[in-house]
Amino acid sequence: MHPKTAFFDDAVHTMPRRELHEWYLKHERPLPWREDPRPYETWLCEVIMQQTRIDQGTAYWQKFVNRWPDFRSLANASVDDVLKEWQGLGYYSRARNLHKTAQIIHTDFPNSHPTALNDWLSMPGIGPYTAAAICSICFDTPVAAIDGNVLRVLSRFLGIHEPIDRPSGRKPLEEFANAWVDPENPGRHNQAIMELGALTCTPHAPDCANCPLQNACASQQMPHEKRNIPPFKQGKTKVIDVALNFHVIVHDTRVLMCKRPDDGVWGGLWAFPSTEHPFQNQVKPFDVPEALGNLLVDRGPCGSPVKHLLSHRKLHVQFWLWESPLKNTSDLGDWKTWEEAEALALPRVLERSWEDVKKSASQNASTTTA
Ligand code: SF4
């Protein structure tokens with residue numbers, strides 16, 4: 001039993017749940033998936049909104065719903081089309097898992113969908129937060145959906161300042177959240193806390209004067225230096241600097257494109273062949289694939305170098321132009337016209353540099369990009 005259980009029990013009973021719900025009814029943002037919350041639209045929104053701003057995510061949600069309005073149509077889509085529609089959102093494993101989940105649901109729940117928490121938890125890429133959000137909103141399952149917003153609101157409300165990536169910090173917040181869920185309307189309750197975290201109990205400037213929890217919030221009773229501090233993590237992610245060379249290999253009017261393996265960065269997307277090195281050694285390594293060997297003609301840098309941040313790596317990206325006298329390299333990838341290549345599902349870093357690289361290739365190769 002947690003040493004603060006008695007406090008939690010008191011807090012559960014005195015918690016201003018009603019005030020929170022009234023606040024939500026007044027301040028809820030009118031988002032399209034909230035109008036008539038159904039499993040397909042809710043699932044799609046929860047997956048898209050992970051690591052994504054709501055304005056950007058809403059546009060993607062709308063595109064997906066328009067193109068694939070149900071599990072069946074998404075299951076029957078090609079994974080390349082799904083990745084292309086996802087282009088620009090990042091974290092592409094989400095798109096591949098979205099597609100796999102649609103196929104599983106279409107096969108195992110024909111013309112229907114799972115309703116049990118454990119069934120959702122067994123789907124690819126669905127974790128406790130997403131399963132709880134779907135089941136509480138769509139099926140009234142009384143379980144707390146705990147995301148970063150909820151952890152921030154509750155850690156301040158309870159005055160707990162332990163690291164949230166350690167059991168000592170996270171467990172009491174989860175226990176409290178589950179004890180506090182409104183069994184009558186768990187979906188509304190979960191959405192109300194998340195909305196409070198997004199609009200009022202924000203990371204750096206909480207608007208306590210207009211918060212429905214202010215009278216019971218432990219943070220308000222704390223000394224100034226501890227008041228309103230957001231939760232923190234103890235184990236910080238170490239970001240490594242990596243030099244990434246993209247090899248722009250052209251032949252006549254075509255450029256060589258490779259599909260990246262599913263289990264790596266940008267899995268399933270298309271890109272130029274690439275090599276990586278520790279950043280401090282960034283020189284132009286003659287390390288294009290052996291199959292091309294000495295046949296390639298070196299045309300030097302292609303376009304401007306760019307930096308691109310991933311969750312654990314800072315990429316220092318440089319493009320290098322090569323001309324191939326042969327087109328006999330099908331084991332490395334596919335020769336595409338520039339227009340065909342641009343229509344593929346590309347990583348954001350390529351999308352951003354595409355025009356620059358294409359223009360530079362056109363100016364520096366003896367052949368043409370037209
Ligand atoms: S009173 Fe302030 S710190 Fe407490 S929950 Fe509300 S906004 Fe957050």
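Residues numbered from 1 in each chain as written. Predicted model: local features only at pLDDT ≥ 70, side-chain atom pairs only at ≥ 80, totals over all residues. Heavy atoms only, no water.

Asker: Help me understand the side chain of Asn149, please; the structure alone is not making it clear to me.
Answerer: Among the secondary structure elements, Asn149 is positioned in helix α10 (residues 148–158). In terms of polar contacts, Asn149 uses its side chain to reach the side chain of Arg152, at 2.6 Å. Setting aside residues up to four positions removed in sequence, Asn149 forms contacts with Met194, Gly197 and Ala198. (Helix = DSSP H or I, 4+ residues; strand = E, 2+ residues; numbered from the N terminus. Polar contact = N/O pair within 3.5 Å; in protein donor to acceptor, adjacent residues only side chain to side chain. Contact = heavy atoms within 4.5 Å.)

Asker: So what exactly am I meant to see when it comes to the packing of helix α3 (residues 39–49) against helix α7 (residues 93–108) here?
Answerer: Between two packed helices, both the angle of their axes relative to each other and the distance between the axes serve to describe the pair. Contact pair α3 / α7: the axes reach a minimum separation of 10 Å and the direction vectors enclose 160°. By the angle between their axes, α3 is roughly antiparallel relative to α7. Handedness of the crossing formed by α3 with α7: right-handed. Between α3, through Trp43, Leu44, Val47 and Ile48, and α7, the contact on the second element is made entirely by Arg94, Leu98, Thr101 and Ala102. Grouping the constituent residues of the contact of α3 with α7 by class yields six nonpolar, one polar and one charged. (Axes fitted to C-alpha atoms, helices over the stretch in contact; angles between N-to-C directions. Parallel < 35°, antiparallel > 145°, perpendicular 65-115°, else oblique. Left-handed = near helix turned anticlockwise from the far one by under 90°. Nonpolar A, V, L, I, M, F, W, Y, C, P; charged D, E, K, R; others polar.)

Asker: Whenever I open this one, the site of the ligand confuses me. Can you help?
Answerer: In the vicinity of the ligand, the contacting residues are Arg156, Cys201, Pro206, Cys208, Cys211, Gln214, Cys217, Gln220 and Asn228. Using a 2 Å cut-off from the grid points, one finds that the ligand occupies the largest cavity. Grouping the constituent residues of the shell around the ligand by class yields five nonpolar, three polar and one charged. (Near = heavy atom within 4 Å. 1 Å grid on protein atoms, 1.4 Å probe; cavity = no way out; pocket = protein on both sides within 12 Å on 5 of 7 lines; lining within 4 Å. Sits in = over half its atoms within 2 Å of the grid points.)

Asker: I would appreciate a short explanation of the environment of Pro39 in the present structure.
Answerer: Tracing the backbone through its elements, the reader meets Pro39 in helix α3. Looking at Pro39, the relative accessible area reads 11%, which means it is buried. On a C-alpha basis, the gap between Pro39 and Cys138 in space is 6.1 Å, while along the polypeptide they are 99 residues apart. Residue contacts for Pro39: discarding those within four places in its chain leaves Phe71, His113, Cys138 and Phe139. (Buried < 20%, exposed > 50% of the residue type's maximum accessible area, 1.4 Å probe, protein only.)

The values are spatial; any link to function lies outside them.
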